[in-house]
Structure formats: structure tokens, C-alpha cells
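# Coordinate inspection notes
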Amino acid sequence: MIKIKTVDAWEILDSRGRPTIAAALCLNDDTCAVVSIPSGASTGRAEAKELRDGEKRFRGLGCHQAVTNLRERIAAALRNESFDGQEALDARLLELDGTSDKSRLGANAILAVSLAFARASAARQHLELFEYFASLLPSPSPRLPELTINLFSGGKHAFGQVAIQDVLVLPRSGSSISANLAQMYDIYQEAAAIIRKRYAAPALTADEGGLAPPFAKSSEMLDTAAEAVNAAGYELGSEVALAIDAAASHFVTADGKYRLDDQILSPSDLIDTFYSWAERYPLVSVEDGLAEEDWNHWPVLRQKLGDRCLTLADDLTCTNPARIQQAIDTAAANALLLKVNQIGTLTEAKQAYLLARSAGWRVSISARSGETEDNWLADLAVGWGGDFIKIGSITQSERLAKYNRLLQIEHTRSLG
Ligand code: PGA
Ligand code: ZN
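Residues numbered from 1 in each chain as written. Chains lettered and ligands numbered in written order. Predicted model: local features only at pLDDT ≥ 70, side-chain atom pairs only at ≥ 80, totals over all residues. Heavy atoms only, no water.

## A few points about the overall build of the protein chain
This is how it is decided: Each helix is a run of DSSP H or I of at least 4 residues and each strand a run of E of at least 2, with the numbering of both proceeding from the N terminus. Note on contacts: a residue pair qualifies if any of its non-hydrogen atoms lie within 4.5 Å across the two residues. Reported accessibility uses the Shrake-Rupley method at a 1.4 Å probe radius. Residues are deemed covered only where the shown protein chains occlude them. By the counting rule applied here, Lys and Arg register as positive and Asp and Glu as negative, while His and the ends of each chain are not counted. Charged side chains are reduced to one point each, which is NZ for Lys, CZ for Arg, CG for Asp and CD for Glu.
Secondary structure assignment for the protein chain yields 13 helices and 14 strands. When the backbone C-alpha atoms are referred to their principal axes, the protein chain occupies close to 60 × 50 × 45 Å. Sequence separation of 24 or more characterises 69% of the internal contacts of the protein chain that already satisfy a separation of 6 or more. Approximately 15,700 Å² of the protein chain is accessible, and the part contributed by carbon and sulfur atoms is 47%. In the protein chain, which carries 42 positive and 54 negative side-chain charges, the distance between the mean positions of the two groups comes to 3 Å.

Below is the structure:
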């Protein structure tokens, strides 16, 4: 049994300068751990609810209430309590909250405790954090994930200059994380140079640290990514692949059409557009190609993309086992974007992961647009054997903390 001695929390700032939560948890043998929690902007409606103060301070985004819930209600309930592992702790957190969306105590407060307990438990057992995460699975197979790296941003992560939220690069010519990051650096530098020349200004960086020039239309993001790959001397397809996150929930119209830049498209026209992009470029995945409630058309998108590229669900499924089950039952997707704070405990995220795997889905373990310098995400992706990791660009220390942790794991362990 693992006995909790103290739980503490305080407000910190994320990569956008907005408040989020850090928590510290000590076990009775004085093993202590600190974690911090990310936060999204392009959020799905079915996500567990982060608690925000809604007061003048930080324009409503303060986390004092969530911190107070953690320091008073959660800490009081857990102090001197013993648990036989992560599942028991998470079950107790759910019981303390008592709502279906964690709106009473706050998903941010609950996740902070869930993850702090994980890190403290790993330390107590002298395990690397990724080994601890792996130990939570019935048949663990830790491995280094493939990198999906943000190059260009639009939508809610930039200034809305184009509808599509992200164009991502998958550097694949190296046989290591280290070699693939070096390749990505070349591509990023070429992209920045192209933009400087074309728009006569340095590209502003967006929330995830990617470039956000004033593209005229979304397809230009892909065209320019391909140009940057070529300029860096790599072959698109064999050495580098691309991916998009459309985040289409944020450009669906009230009558179920889609405002793609200056065009209004029917769902089937939008699906045809993605298909044409997947024909032109080596796209590995189309994430949130349709809106989160457009259940009727997701199976059409998946059918159309077929084996050519993955139909990746983020806002559609929100790391929520019930929604993932619905997506499996309706053949709406074949890959899951997993964000632990969309659901709020490690155990529920594990259920989401195992459910997706049971249906043969691929899994991408993802950061949020508001990140902290904590690096647990890298351990989670490795420990759970995610196919992909999505951290953001190769700028911003909050993102580099995760890439650098992958490099450390690669250096110290022989993981394939
Ligand atoms: P978010 O966006 O973290 O702002 O929700 C990330 C994504 O849509 O994948
Ligand atoms: Zn997304």
C-alpha cells in the first residue's frame, strides 16, 4: 500500500502566460514529486472541465479556486490515506468530485494529483517515470514514438489567417529521435527563410511555437511545407511525411457546413479537399477533419481516406472512453489523439488508450497548446508505446523539455 502524507498546489503560468496548476505530493516515506498541468485553447466540448475563477484577475483565467480545492478538499481527504496503486487513487478522486465532467473540483486539480501520485510512486519504486507508466498496462511494450512536429499554425493557435490549425512534419530519414530532430531543424530553418523572403517579414510564431505567416489559404500551408522540405534537401515521401490538424470544430457553420478560408464547403466537399491533399502530399493523418458533433460524416471521411492516411480523432473523442466506443462502433476514425487532461485522470486515459488499441487504432500522445516545462508527456508516450507524439514546434522551452526528455531516454535506454 502507498500512503499519502501531504498534497499541496499553487498557481503557475503556462507557455501563453496564462495560469495553470502545479502540485506536490509526498508519500509517508518522504518520497515527494512535483508536476504541472497543461491547458488547451482549441478545446473539445466533451472535455472534462478545468476550473477557472472567472474573475477580473487574469481576465477570468485564474486557477485559485482549483488550487484551493486541491489544497483543502482533496488534500484533507487523501492525507494519511493508503492506496494499492494508481487505479485506487484515481477512483478516490472521481468519488471526491462526484460529477461526470469533474466540474466540482476541477479536472485541472484532479489531474495534478493523479500525475503527482504517479511520479511519486515511480520514485518510490526506483522506476523511471516511463517504466511506471508502462507498468500500468496489461502488456506493456515501451518504445520511442515517431515525432509529429508543428511547422505552420493557423486557426485558433494563430490569428485565424487560415482555417486549418496545424501542418505537421514527420522527419523520418534518421534512425533516431536525435537524427530526426536535426532533420527537422533544417526544414524549420528553410521554412522560416522562405517566409522571410515571400512576406518580407519574419514569421510570427503561434501558440505551439510554429510559424504563422499570413498565408492566403490553407492549402498554401502544405505547399510551403513541401517547398521547405525540398529546399532542405529531403525527399518528400521517403524521408519526410506531413500531417494536418484541421480542428474543424472551429470552422463549422451553424448549418453544418465548413468555412474553409473564404469558401463555404459541404462536408463532402471538405472530405474531397482532404482527399485531394492526401493524393498530392504524403499525409500520414488528418486530425479532426470534421467537427466534433458531425458524427454522420466522420465515417465517410474515414472511408474516403481509407488506408491512404489515418483518420485521427481529437475533439471528436476527447480521450473519453464512451465517445471512443461510439467512434469505434460507427467506424468514424482509426486513430486516437490522447490528451490526458481532456479526461482528467491517468486511469481513465489508460482506459481510452486500451479501448483504441483493442479496435486496432493507432495512437498519438499529445501536448496542449498551453504547456509547461514539465516533461511527463515524453515518459507517457514512451511508457505506453504511442505510435506518435505531438508536442508542438521545436521552439519554446515548454516543448523542448519533452523533446529533450525523449533524447535522454534514447541516450540512456536501448528502446527501439
Ligand atoms: P489545444 O489544441 O491544446 O489548443 O486544444 C491542440 C489540438 O487541437 O490538437
Ligand atoms: Zn487537434
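## Details of the pairing of strand S3 (residues 32–36)
We count it as follows: DSSP bridges decide pairing: two strands pair if at least two such bridges lie between them.
Judged from the five bridges that link them, strand S2 (residues 19–27) and S3 form a sheet pairing that is antiparallel. Note on S3: the bridge partner recorded for Cys26 is Cys32. A loop of four residues connects S2 with S3, the two strands running antiparallel in sequence, and Asp30 in this loop sits at a positive phi of about 70 degrees.

## Remarks on the nonpolar core
Where we set the bar: Only buried Ala, Val, Leu, Ile, Met, Phe, Trp, Tyr and Cys residues count toward a nonpolar core, and they belong to the same one when joined by side-chain atoms within 4.5 Å. Only protein chains enter the accessibility calculation, which uses a 1.4 Å probe. A residue is then buried if its area is under 20% of the maximum for its type, exposed if over 50%, and partly exposed in between. Those domain boundaries reflect an automatic or database domain assignment.
Of all hydrophobic cores here, the largest spans 129 residues; its most connected members are Leu70, Leu78, Phe133, Leu151 and Phe152. With 11 residues, the top contributor of residues to this core is helix H3 (residues 107–124). Split by domain, the residues of this core number at least three in each of domain 1 (2–126) and domain 2 (146–412). Each residue touching Leu70, except ones within four places of it in the same chain, is listed here: Val7, Asp8, Ala9, Ile21, Ala23, Ala75, Ala109, Ala112 and Val113. By size, the runner-up hydrophobic cluster in this structure holds 10 residues, among which are Leu170, Val284, Leu310 and Ala335.

## Describing the pattern of salt bridges
Formally: In the sections that follow, a salt bridge refers to a side-chain nitrogen of Lys or Arg positioned within 4 Å of a carboxyl oxygen of Asp or Glu.
A complete count under the given rule lists 31 salt bridges for this structure. In this structure, the salt-bridge partner of Arg16 is Asp207, at a minimum N-O distance of 2.8 Å. Residue Arg16 is found in the loop between strand S1 (2–13) and S2, and its partner Asp207 is found in the loop between helix H5 (177–199) and helix H6 (218–231); the two are separated by 191 residues along the sequence. We classify Arg16 as buried; its relative accessible area is 18%. For Asp387, the salt bridge is made with Arg143, and the minimal N-O distance between the two is 2.8 Å. One end of the pair, Asp387, is in the loop between helix H12 (376–383) and strand S14 (388–392); the other, Arg143, is in the loop between helix H4 (129–135) and strand S5 (146–153), with 244 residues separating them in the sequence. The exposure class of Asp387 is buried, given its relative accessible area of 9%. We classify Arg143 as partly exposed; its relative accessible area is 32%.

## Section: the domain arrangement of the protein chain
Put simply, the test is: For any pair of parts, buried area is found by adding up, for both, the accessible area (1.4 Å probe) each one loses once the two are put together. Nitrogen and oxygen atoms within 3.5 Å of one another constitute a polar contact, given that in protein one can donate a hydrogen and the other can accept it, and given that sequence-neighbouring residues count only through two side-chain atoms. Any residue outside Ala, Val, Leu, Ile, Met, Phe, Trp, Tyr, Cys, Pro, Asp, Glu, Lys and Arg is labelled polar, Gly included; the first ten of those are nonpolar and the last four are charged.
Taken domain by domain, the protein chain comprises domain 1 (2–126) and domain 2 (146–412). Just the C-alpha atoms count here: the centres of domain 1 and domain 2 sit 27 Å apart. Taken residue by residue, the interface counts 33 residues in domain 1 and 33 residues in domain 2. With both chains or domains summed, domain 1 and domain 2 bury close to 2,700 Å², and 50% of this area falls on carbon and sulfur atoms. Of all residues in domain 1, Ser15, Pro38 and Ser42 bury the most surface against domain 2, accounting for 22% of the area lost on that side. If you look at where domain 1 meets domain 2, you find six salt bridges. The interface formed by domain 1 and domain 2 includes 23 residue pairs in polar contact (both at pLDDT 80 or more). Contributions of two or more residues to the side of domain 1 that touches domain 2 are made by S3, helix H2 (86–97) and H3. With seven residues, H3 is the largest single contributor of residues to the side of domain 1 that touches domain 2. Among the residues forming the side of domain 1 that touches domain 2, the class breakdown is 14 nonpolar, 10 polar and nine charged.

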